[in-house]
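Remarks on the overall topology
What follows is each chain in one-letter form.
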Amino acid sequence: MLILVINCGSSSVKYDLFDVDGTGRDLCRGIVERIGEDSSIITHEVRGAEKICKKVSCRDHHQAVEIIRDALLDENKSVISEASEVKGVGHRVVHGGEEFSQSTLIDDDVIKSIEKFVPLAPLHNPPSLEGIKSCRKIFRSAPQVAVFDTAFHHSMEKYVYCYGVKYEFYEKYGIRRYGFHGTSHRYVAARAAELLKKPFKELNAITVHLGNGCSAAAVSGGRSVDTSMGFTPLEGLVMGTRSGDIDPAAVTFLMQKEGLDGEGVNDILNKKSGLLGVSGISNDMRDILKAIDAGDKRAQLAYDVFLYRIKKYIGSYAAVLGRVDAVVFTAGIGENVPAIKDTMQKDLRPLMGKKTKFLIIATNEELLIAKDTYGIVKNME
Ligand code: ADP
(Lines give C-alpha, C1' and ligand atoms only; values in the text may rest on other atoms or scores of the structure.)
Protein backbone atom coordinates (compact mmCIF):
# COMPACT_ATOMS: atom_id res chain seq x y z
CA MET A 1 0.00 0.00 0.00
CA LEU A 2 1.37 3.40 -0.98
CA ILE A 3 1.41 6.07 1.73
CA LEU A 4 2.55 9.63 1.06
CA VAL A 5 4.06 11.60 3.94
CA ILE A 6 3.81 15.39 3.81
CA ASN A 7 5.74 17.80 6.05
CA CYS A 8 4.92 21.47 5.43
CA GLY A 9 7.16 24.30 6.60
CA SER A 10 6.50 28.01 6.15
CA SER A 11 8.14 28.08 2.72
CA SER A 12 8.73 24.40 1.93
CA VAL A 13 6.91 21.09 1.54
CA LYS A 14 8.86 17.87 2.11
CA TYR A 15 7.40 14.60 0.87
CA ASP A 16 8.22 10.94 1.09
CA LEU A 17 6.40 8.02 -0.59
CA PHE A 18 6.45 4.63 1.14
CA ASP A 19 5.27 1.20 0.13
CA VAL A 20 4.38 0.15 3.67
CA ASP A 21 3.71 -3.50 2.79
CA GLY A 22 7.18 -3.77 1.30
CA THR A 23 10.59 -3.22 2.83
CA GLY A 24 9.53 -0.10 4.71
CA ARG A 25 12.01 1.85 2.59
CA ASP A 26 10.74 4.85 0.72
CA LEU A 27 10.20 4.75 -3.06
CA CYS A 28 10.95 8.40 -3.53
CA ARG A 29 11.31 11.61 -1.58
CA GLY A 30 11.84 15.27 -2.19
CA ILE A 31 11.21 18.86 -1.26
CA VAL A 32 9.66 21.93 -2.84
CA GLU A 33 11.49 24.96 -1.45
CA ARG A 34 11.25 28.75 -1.60
CA ILE A 35 7.48 28.69 -2.03
CA GLY A 36 6.15 32.15 -2.82
CA GLU A 37 9.51 33.47 -4.01
CA ASP A 38 10.39 34.37 -7.58
CA SER A 39 11.88 31.01 -8.32
CA SER A 40 10.99 27.93 -6.34
CA ILE A 41 12.91 24.66 -6.55
CA ILE A 42 11.91 21.02 -6.47
CA THR A 43 14.43 18.37 -5.54
CA HIS A 44 13.06 14.92 -6.38
CA GLU A 45 14.81 11.65 -5.67
CA VAL A 46 13.55 8.27 -6.81
CA ARG A 47 15.27 5.37 -5.05
CA GLY A 48 18.04 3.99 -7.26
CA ALA A 49 17.94 6.94 -9.67
CA GLU A 50 19.76 10.23 -9.81
CA LYS A 51 18.40 13.15 -7.81
CA ILE A 52 16.83 15.85 -9.96
CA CYS A 53 16.67 19.50 -9.03
CA LYS A 54 14.72 22.01 -11.09
CA LYS A 55 13.25 25.47 -10.94
CA VAL A 56 9.47 25.67 -10.78
CA SER A 57 6.93 28.39 -10.38
CA CYS A 58 5.15 27.88 -7.05
CA ARG A 59 3.14 30.63 -5.39
CA ASP A 60 1.66 28.68 -2.46
CA HIS A 61 1.42 25.34 -0.67
CA HIS A 62 -1.49 24.19 -2.83
CA GLN A 63 0.59 24.59 -5.94
CA ALA A 64 3.49 22.83 -4.20
CA VAL A 65 1.30 19.76 -3.63
CA GLU A 66 0.29 19.84 -7.32
CA ILE A 67 3.96 19.96 -8.27
CA ILE A 68 4.62 16.96 -5.98
CA ARG A 69 1.75 15.01 -7.55
CA ASP A 70 3.13 15.76 -11.01
CA ALA A 71 6.63 14.65 -9.96
CA LEU A 72 5.18 11.33 -8.69
CA LEU A 73 3.28 10.91 -11.97
CA ASP A 74 6.27 11.79 -14.17
CA GLU A 75 6.16 9.10 -16.84
CA ASN A 76 9.95 8.85 -17.15
CA LYS A 77 10.31 7.86 -13.51
CA SER A 78 7.01 5.96 -13.23
CA VAL A 79 6.64 6.02 -9.45
CA ILE A 80 2.84 5.94 -9.83
CA SER A 81 0.60 6.15 -12.86
CA GLU A 82 -2.48 7.63 -11.16
CA ALA A 83 -2.88 9.80 -8.08
CA SER A 84 -5.44 7.30 -6.75
CA GLU A 85 -2.66 4.75 -6.19
CA VAL A 86 -1.76 6.75 -3.08
CA LYS A 87 -3.97 5.11 -0.45
CA GLY A 88 -3.26 7.42 2.46
CA VAL A 89 -1.56 10.72 3.19
CA GLY A 90 0.15 11.27 6.56
CA HIS A 91 0.73 14.86 7.64
CA ARG A 92 3.25 16.01 10.20
CA VAL A 93 1.44 18.52 12.42
CA VAL A 94 3.50 20.28 15.07
CA HIS A 95 0.84 21.23 17.61
CA GLY A 96 -2.07 19.08 18.68
CA GLY A 97 -2.60 20.92 21.96
CA GLU A 98 -4.22 18.91 24.73
CA GLU A 99 -6.63 17.27 22.36
CA PHE A 100 -4.63 14.68 20.48
CA SER A 101 -2.85 11.82 22.21
CA GLN A 102 -2.30 9.86 19.01
CA SER A 103 -2.32 10.02 15.23
CA THR A 104 -5.81 10.82 13.99
CA LEU A 105 -7.91 10.48 10.84
CA ILE A 106 -8.57 13.99 9.54
CA ASP A 107 -12.14 15.25 9.17
CA ASP A 108 -13.61 18.75 9.36
CA ASP A 109 -13.59 18.71 13.17
CA VAL A 110 -9.91 17.74 13.31
CA ILE A 111 -9.12 20.61 10.93
CA LYS A 112 -11.03 22.98 13.24
CA SER A 113 -8.99 21.74 16.22
CA ILE A 114 -5.69 22.23 14.37
CA GLU A 115 -6.91 25.75 13.53
CA LYS A 116 -7.68 26.30 17.22
CA PHE A 117 -4.04 25.60 18.08
CA VAL A 118 -2.65 28.15 15.59
CA PRO A 119 -2.02 30.71 18.38
CA LEU A 120 0.15 28.10 20.13
CA ALA A 121 2.16 27.35 16.96
CA PRO A 122 1.74 30.37 14.67
CA LEU A 123 4.67 29.44 12.43
CA HIS A 124 3.96 25.73 12.15
CA ASN A 125 0.25 24.91 12.18
CA PRO A 126 -0.85 27.26 9.35
CA PRO A 127 1.37 25.64 6.67
CA SER A 128 0.30 22.16 7.88
CA LEU A 129 -3.33 23.22 7.43
CA GLU A 130 -2.56 24.44 3.92
CA GLY A 131 -0.98 21.07 3.12
CA ILE A 132 -3.91 19.11 4.55
CA LYS A 133 -6.52 21.14 2.67
CA SER A 134 -4.59 20.84 -0.59
CA CYS A 135 -4.03 17.08 -0.27
CA ARG A 136 -7.73 16.55 0.43
CA LYS A 137 -8.38 18.03 -3.03
CA ILE A 138 -5.39 16.72 -4.94
CA PHE A 139 -5.27 13.18 -3.50
CA ARG A 140 -9.05 13.10 -3.27
CA SER A 141 -9.50 9.37 -2.79
CA ALA A 142 -6.88 9.02 -0.04
CA PRO A 143 -7.80 9.36 3.65
CA GLN A 144 -5.67 11.99 5.40
CA VAL A 145 -4.05 11.37 8.78
CA ALA A 146 -2.53 13.92 11.18
CA VAL A 147 0.56 12.83 13.13
CA PHE A 148 1.28 15.32 15.91
CA ASP A 149 4.70 16.28 17.31
CA THR A 150 3.04 16.81 20.69
CA ALA A 151 1.04 13.56 20.85
CA PHE A 152 3.71 11.27 22.33
CA HIS A 153 4.14 13.66 25.27
CA HIS A 154 0.42 13.68 26.00
CA SER A 155 1.11 11.02 28.64
CA MET A 156 3.06 13.43 30.89
CA GLU A 157 1.55 13.78 34.37
CA LYS A 158 -0.06 17.07 35.27
CA TYR A 159 2.65 17.91 37.83
CA VAL A 160 5.20 17.46 35.03
CA TYR A 161 3.52 19.70 32.47
CA CYS A 162 2.27 22.36 34.88
CA TYR A 163 4.48 25.46 35.23
CA GLY A 164 4.87 27.20 38.54
CA VAL A 165 2.73 30.15 37.47
CA LYS A 166 -0.83 31.27 38.21
CA TYR A 167 -3.14 28.39 37.43
CA GLU A 168 -5.51 30.77 35.64
CA PHE A 169 -2.90 31.20 32.87
CA TYR A 170 -3.15 27.49 32.17
CA GLU A 171 -6.94 27.58 32.20
CA LYS A 172 -7.25 30.77 30.14
CA TYR A 173 -4.40 30.43 27.65
CA GLY A 174 -3.23 26.83 27.80
CA ILE A 175 0.15 27.83 29.21
CA ARG A 176 1.72 24.49 30.13
CA ARG A 177 4.45 22.25 28.81
CA TYR A 178 3.50 20.32 25.66
CA GLY A 179 6.78 18.97 24.28
CA PHE A 180 7.69 18.46 20.62
CA HIS A 181 9.74 16.07 18.41
CA GLY A 182 7.42 13.35 19.77
CA THR A 183 7.52 11.25 16.61
CA SER A 184 11.32 11.14 16.70
CA HIS A 185 11.50 10.30 20.42
CA ARG A 186 8.91 7.54 19.98
CA TYR A 187 10.69 6.12 16.93
CA VAL A 188 14.18 5.93 18.45
CA ALA A 189 12.93 4.71 21.84
CA ALA A 190 11.07 1.86 20.11
CA ARG A 191 14.18 1.06 18.04
CA ALA A 192 16.29 1.01 21.21
CA ALA A 193 13.86 -1.53 22.72
CA GLU A 194 14.24 -3.69 19.59
CA LEU A 195 18.04 -3.46 19.71
CA LEU A 196 18.10 -4.34 23.43
CA LYS A 197 15.56 -7.13 22.81
CA LYS A 198 13.23 -5.72 25.44
CA PRO A 199 9.50 -5.11 25.05
CA PHE A 200 8.98 -1.35 24.50
CA LYS A 201 6.66 -1.33 27.53
CA GLU A 202 9.52 -2.48 29.78
CA LEU A 203 12.14 -0.04 28.54
CA ASN A 204 13.38 2.99 30.45
CA ALA A 205 15.19 5.28 28.01
CA ILE A 206 16.43 8.83 27.69
CA THR A 207 16.24 9.99 24.08
CA VAL A 208 18.20 13.02 22.93
CA HIS A 209 17.20 14.55 19.58
CA LEU A 210 19.94 16.92 18.40
CA GLY A 211 18.99 18.49 15.06
CA ASN A 212 18.33 22.14 14.23
CA GLY A 213 15.98 21.96 17.18
CA CYS A 214 17.12 19.91 20.17
CA SER A 215 15.15 18.14 22.88
CA ALA A 216 15.49 15.30 25.36
CA ALA A 217 12.78 12.96 26.62
CA ALA A 218 12.41 10.46 29.44
CA VAL A 219 10.54 7.40 28.16
CA SER A 220 9.13 4.67 30.38
CA GLY A 221 6.54 1.96 29.75
CA GLY A 222 6.33 2.98 26.08
CA ARG A 223 5.26 6.51 27.11
CA SER A 224 6.94 9.89 27.40
CA VAL A 225 7.09 10.88 31.06
CA ASP A 226 8.98 14.15 30.60
CA THR A 227 10.59 16.20 27.85
CA SER A 228 12.69 19.33 27.65
CA MET A 229 10.67 21.47 25.22
CA GLY A 230 7.70 23.17 26.82
CA PHE A 231 4.98 25.64 25.89
CA THR A 232 6.98 26.28 22.71
CA PRO A 233 10.05 24.58 21.17
CA LEU A 234 12.24 27.26 22.80
CA GLU A 235 12.61 25.65 26.22
CA GLY A 236 15.23 23.13 27.28
CA LEU A 237 18.47 22.29 25.50
CA VAL A 238 20.66 24.84 23.76
CA MET A 239 19.98 24.58 19.99
CA GLY A 240 21.35 25.89 16.69
CA THR A 241 19.75 29.32 17.02
CA ARG A 242 17.50 28.90 20.10
CA SER A 243 18.63 29.68 23.62
CA GLY A 244 16.86 26.87 25.45
CA ASP A 245 16.33 27.52 29.19
CA ILE A 246 16.98 31.09 30.32
CA ASP A 247 15.97 33.06 33.41
CA PRO A 248 12.72 34.81 32.39
CA ALA A 249 13.92 37.90 34.26
CA ALA A 250 16.74 38.21 31.70
CA VAL A 251 14.06 38.57 29.01
CA THR A 252 12.42 41.65 30.55
CA PHE A 253 15.87 43.05 31.41
CA LEU A 254 16.95 42.66 27.77
CA MET A 255 13.78 44.31 26.55
CA GLN A 256 14.54 47.38 28.66
CA LYS A 257 18.25 47.58 27.85
CA GLU A 258 17.95 46.95 24.10
CA GLY A 259 14.64 48.77 23.66
CA LEU A 260 12.98 45.63 22.31
CA ASP A 261 9.31 44.73 22.18
CA GLY A 262 8.03 41.18 22.71
CA GLU A 263 8.49 40.23 19.10
CA GLY A 264 12.04 41.59 19.06
CA VAL A 265 13.18 39.58 22.05
CA ASN A 266 11.35 36.50 20.79
CA ASP A 267 13.25 36.83 17.54
CA ILE A 268 16.60 37.03 19.35
CA LEU A 269 15.92 34.01 21.57
CA ASN A 270 14.62 31.90 18.68
CA LYS A 271 16.83 32.94 15.78
CA LYS A 272 20.01 34.56 17.05
CA SER A 273 20.90 32.57 20.16
CA GLY A 274 22.12 29.03 20.83
CA LEU A 275 25.27 27.83 19.04
CA LEU A 276 25.05 30.84 16.71
CA GLY A 277 24.62 33.37 19.49
CA VAL A 278 27.39 32.08 21.73
CA SER A 279 29.94 31.36 18.98
CA GLY A 280 29.12 34.35 16.78
CA ILE A 281 30.00 32.01 13.90
CA SER A 282 27.23 29.64 12.89
CA ASN A 283 24.25 27.59 13.99
CA ASP A 284 25.66 24.58 12.14
CA MET A 285 27.60 22.14 14.30
CA ARG A 286 29.93 21.37 11.36
CA ASP A 287 31.10 25.00 11.31
CA ILE A 288 31.46 25.02 15.11
CA LEU A 289 33.67 21.89 15.01
CA LYS A 290 35.82 23.39 12.24
CA ALA A 291 36.25 26.62 14.20
CA ILE A 292 37.21 24.66 17.33
CA ASP A 293 39.90 22.86 15.30
CA ALA A 294 41.17 26.26 14.22
CA GLY A 295 41.45 27.30 17.88
CA ASP A 296 38.38 29.55 18.15
CA LYS A 297 37.57 30.04 21.85
CA ARG A 298 33.95 31.19 21.41
CA ALA A 299 33.20 28.13 19.26
CA GLN A 300 34.66 25.96 22.03
CA LEU A 301 32.49 27.76 24.57
CA ALA A 302 29.36 27.24 22.45
CA TYR A 303 30.16 23.51 22.20
CA ASP A 304 30.79 23.26 25.95
CA VAL A 305 27.55 25.09 26.81
CA PHE A 306 25.67 22.81 24.39
CA LEU A 307 27.09 19.62 25.94
CA TYR A 308 26.76 20.74 29.54
CA ARG A 309 23.03 21.40 29.11
CA ILE A 310 22.58 17.94 27.56
CA LYS A 311 24.40 16.36 30.49
CA LYS A 312 22.18 18.16 33.03
CA TYR A 313 19.00 17.02 31.30
CA ILE A 314 20.16 13.42 31.04
CA GLY A 315 21.10 13.51 34.72
CA SER A 316 17.72 14.93 35.72
CA TYR A 317 15.90 12.30 33.64
CA ALA A 318 17.96 9.58 35.31
CA ALA A 319 16.51 10.91 38.57
CA VAL A 320 13.01 10.85 37.04
CA LEU A 321 13.32 7.29 35.69
CA GLY A 322 15.33 5.62 38.45
CA ARG A 323 16.68 2.88 36.20
CA VAL A 324 17.98 3.80 32.73
CA ASP A 325 18.36 1.02 30.14
CA ALA A 326 19.44 3.23 27.26
CA VAL A 327 20.50 6.77 26.43
CA VAL A 328 19.90 7.36 22.73
CA PHE A 329 21.33 10.12 20.54
CA THR A 330 19.68 10.98 17.23
CA ALA A 331 19.13 13.55 14.43
CA GLY A 332 21.71 15.56 12.46
CA ILE A 333 24.10 16.31 15.32
CA GLY A 334 23.30 13.27 17.47
CA GLU A 335 23.93 10.87 14.57
CA ASN A 336 27.01 12.56 13.12
CA VAL A 337 29.00 13.70 16.14
CA PRO A 338 29.75 10.50 18.08
CA ALA A 339 32.02 12.52 20.40
CA ILE A 340 28.88 13.83 22.11
CA LYS A 341 27.66 10.31 22.90
CA ASP A 342 31.18 9.30 23.98
CA THR A 343 31.53 12.28 26.32
CA MET A 344 28.14 11.60 27.93
CA GLN A 345 28.96 7.91 28.28
CA LYS A 346 32.25 8.69 30.01
CA ASP A 347 30.93 11.44 32.28
CA LEU A 348 27.63 9.81 33.22
CA ARG A 349 28.82 6.23 33.70
CA PRO A 350 29.23 6.63 37.49
CA LEU A 351 25.64 7.96 37.76
CA MET A 352 24.06 5.41 35.42
CA GLY A 353 25.88 2.22 36.32
CA LYS A 354 27.30 -0.42 33.98
CA LYS A 355 24.05 -1.72 32.50
CA THR A 356 22.99 1.48 30.74
CA LYS A 357 23.67 1.37 26.99
CA PHE A 358 24.64 4.57 25.18
CA LEU A 359 23.44 4.33 21.57
CA ILE A 360 23.31 6.34 18.36
CA ILE A 361 20.14 5.54 16.40
CA ALA A 362 19.15 7.24 13.14
CA THR A 363 15.70 8.75 13.45
CA ASN A 364 13.04 8.24 10.79
CA GLU A 365 10.01 10.36 11.54
CA GLU A 366 8.68 9.94 8.00
CA LEU A 367 8.59 6.14 8.32
CA LEU A 368 6.69 6.36 11.62
CA ILE A 369 4.22 8.83 10.08
CA ALA A 370 3.72 6.40 7.18
CA LYS A 371 3.21 3.46 9.57
CA ASP A 372 0.74 5.37 11.75
CA THR A 373 -1.16 6.41 8.62
CA TYR A 374 -1.20 2.83 7.37
CA GLY A 375 -2.44 1.64 10.78
CA ILE A 376 -5.45 3.92 10.41
CA VAL A 377 -6.28 3.57 6.70
CA LYS A 378 -5.75 -0.19 6.33
CA ASN A 379 -9.02 -0.93 8.06
CA MET A 380 -10.98 1.53 5.95
CA GLU A 381 -10.99 -0.22 2.59
P1 ADP B 1 16.12 19.04 11.62
O2 ADP B 1 15.94 19.18 13.09
O3 ADP B 1 15.80 20.31 10.87
O4 ADP B 1 15.50 17.80 11.03
P5 ADP B 1 18.66 17.69 11.25
O6 ADP B 1 18.28 16.55 12.11
O7 ADP B 1 18.86 17.45 9.80
O8 ADP B 1 17.68 18.92 11.42
O9 ADP B 1 19.98 18.32 11.86
C10 ADP B 1 20.57 19.44 11.29
C11 ADP B 1 21.86 19.77 11.99
O12 ADP B 1 22.70 18.61 12.06
C13 ADP B 1 22.67 20.79 11.22
O14 ADP B 1 22.37 22.08 11.61
C15 ADP B 1 24.08 20.44 11.57
O16 ADP B 1 24.49 21.23 12.67
C17 ADP B 1 24.05 19.01 12.05
N18 ADP B 1 24.84 18.09 11.19
C19 ADP B 1 24.42 17.47 10.07
N20 ADP B 1 25.44 16.71 9.56
C21 ADP B 1 26.48 16.84 10.40
C22 ADP B 1 27.81 16.32 10.46
N23 ADP B 1 28.26 15.49 9.52
N24 ADP B 1 28.60 16.69 11.48
C25 ADP B 1 28.15 17.54 12.42
N26 ADP B 1 26.93 18.07 12.43
C27 ADP B 1 26.10 17.73 11.45
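Each remark here, short or long, concerns the structure printed above.
Note that the structure is predicted; figures quoted are calculated from it, not measured.

Here we look at the site of the ligand
Gly211, Asn212, Gly213, Asp284, Met285, Arg286, Ala331, Gly332, Ile333, Asn336 and Val337 make up every residue found near the ligand. Within the side chain of Asp284, a nitrogen or oxygen atom sits 3.2 Å from an oxygen atom of the ligand. For the ligand, a nitrogen atom lies 3.5 Å from a polar atom in the side chain of Arg286. Starting from 580 Å² of accessible surface for the ligand in isolation, the protein chains cover 69%. Within the residue set of the shell around the ligand, elements represented by two or more residues are α10 (285–293) and α12 (331–336). A per-element tally of the shell around the ligand places α12 first, with four residues. The class makeup of the residues in the shell around the ligand is four nonpolar, five polar and two charged.

Digging into the packing of helix α2 (residues 108–116) against helix α3 (residues 125–138)
Interhelical geometry of α2 versus α3 gives an angle of 160° and a closest axis separation of 10 Å. Taken as axis vectors, α2 and α3 run roughly antiparallel relative to one another. Considering how the two elements wind past one another, α2 and α3 form a crossing that is left-handed. Here Asp108, Ile111, Ile114 and Glu115 of α2 come into contact with α3, specifically with Asn125, Leu129, Ile132, Lys133 and Arg136. The residue makeup of the contact of α2 with α3, split by class, is four nonpolar, one polar and four charged.

Quick notes on the sheet that holds strand β10 (residues 214–220)
For sheets, the rule is that strands pair by backbone hydrogen bonds, running either parallel or antiparallel. With mixed pairing, five strands are arranged side by side in an open sheet as β11-β10-β9-β12-β13. On the outer flanks of this sheet lie β11 (223–227) and β13 (357–360), each paired with one strand and no other. Sheet twist, expressed as the mean angle between neighbouring strand axes with direction ignored, is 25°. Bridge count between strand β12 (residues 326–330) and β13: four bridges; the pairing is parallel. Along β13, the bridge assignment pairs Val328 with Leu359.

Things to note about the side chain of Lys341
Relative to the helices and strands, Lys341 resides in helix α13 (residues 338–352). Here Lys341 is in contact with Phe329, Phe358, Leu359 and Ile360, once residues within four sequence places are set aside.

Here we look at the pattern of salt bridges
For the structure on display, the rule yields 21 salt bridges. Taking the shortest distance from any N to any O, the salt bridge between Arg191 and Glu194 comes out at 2.6 Å. Of this pair, Arg191 and Glu194 both sit in helix α6 (residues 182–195), three residues apart, roughly one helical turn. Taking the relative accessible area as the measure of exposure, Arg191 reaches 28% and is therefore partly exposed. Judged by its relative accessible area of 51%, Glu194 is exposed. What emerges from the salt-bridge pattern is a single network uniting Asp26, Arg29 and Arg47.

Some words on helix α14 (residues 365–377)
A rise of 1.5 Å per residue sets the reference length of α14, with its 13 residues, at 18 Å; its end C-alpha atoms lie 18 Å apart and thus fit the reference within 8%. Along α14, the residues classified as buried are Glu365, Leu367, Leu368, Ile369, Ala370, Asp372, Thr373 and Val377. Buried-residue contacts for α14 involve β1 (2–8), β2 (13–19), β6 (86–93), β8 (144–148), α6 and β9 (204–210).

Notes on the sheet that holds β6
Taken in spatial order, the eight strands of this open sheet run β5-β4-β3-β2-β1-β6-β8-β7, and their pairing is mixed. Of all strands in the sheet, those with a lone pairing partner are β5 (52–56) and β7 (104–105), marking the two edges. The strands that α3 touches are β1, β6 and β8; relative to β6, the one it contacts most, it runs at about 170°.

Thoughts on the packing of aromatic side chains
Within this structure, the stated rule accounts for six aromatic pairs. Judged by centre distance (4.3 Å) and plane angle (10°), the ring pair of Phe100 and Phe148 falls under stacked. Residue Phe100 is found in the loop between β6 and β7, and its partner Phe148 is found in strand β8; the two are separated by 48 residues along the sequence. Per residue, the accessibility class of Phe100 equals that of Phe148, and both read buried. Taken together, Tyr161, Tyr167 and Tyr170 form an aromatic cluster joined through their ring pairs. Lying across the ring of Tyr161, Arg176 places its NZ or CZ 3.5 Å from the centre.

Calculation rules
Residues numbered from 1 in each chain as written. Predicted model: local features only at pLDDT ≥ 70, side-chain atom pairs only at ≥ 80, totals over all residues. Heavy atoms only, no water. Near = heavy atom within 4 Å. Polar contact = N/O pair within 3.5 Å; in protein donor to acceptor, adjacent residues only side chain to side chain. Areas by Shrake-Rupley, 256 points an atom, 1.4 Å probe, with all protein chains shown as cover. Helix = DSSP H or I, 4+ residues; strand = E, 2+ residues; numbered from the N terminus. Nonpolar A, V, L, I, M, F, W, Y, C, P; charged D, E, K, R; others polar. Axes fitted to C-alpha atoms, helices over the stretch in contact; angles between N-to-C directions. Parallel < 35°, antiparallel > 145°, perpendicular 65-115°, else oblique. Left-handed = near helix turned anticlockwise from the far one by under 90°. Contact = heavy atoms within 4.5 Å. Pairing = 2+ DSSP bridges. Salt bridge = Lys/Arg side-chain N within 4 Å of Asp/Glu carboxyl O. Buried < 20%, exposed > 50% of the residue type's maximum accessible area, 1.4 Å probe, protein only. Expected span 1.5 Å × (residues − 1). Phe/Tyr/Trp six-rings, centres within 6.5 Å; stacked < 30°, edge-to-face > 60°. Lys NZ or Arg CZ within 6 Å of the ring centre and 35° of its normal.

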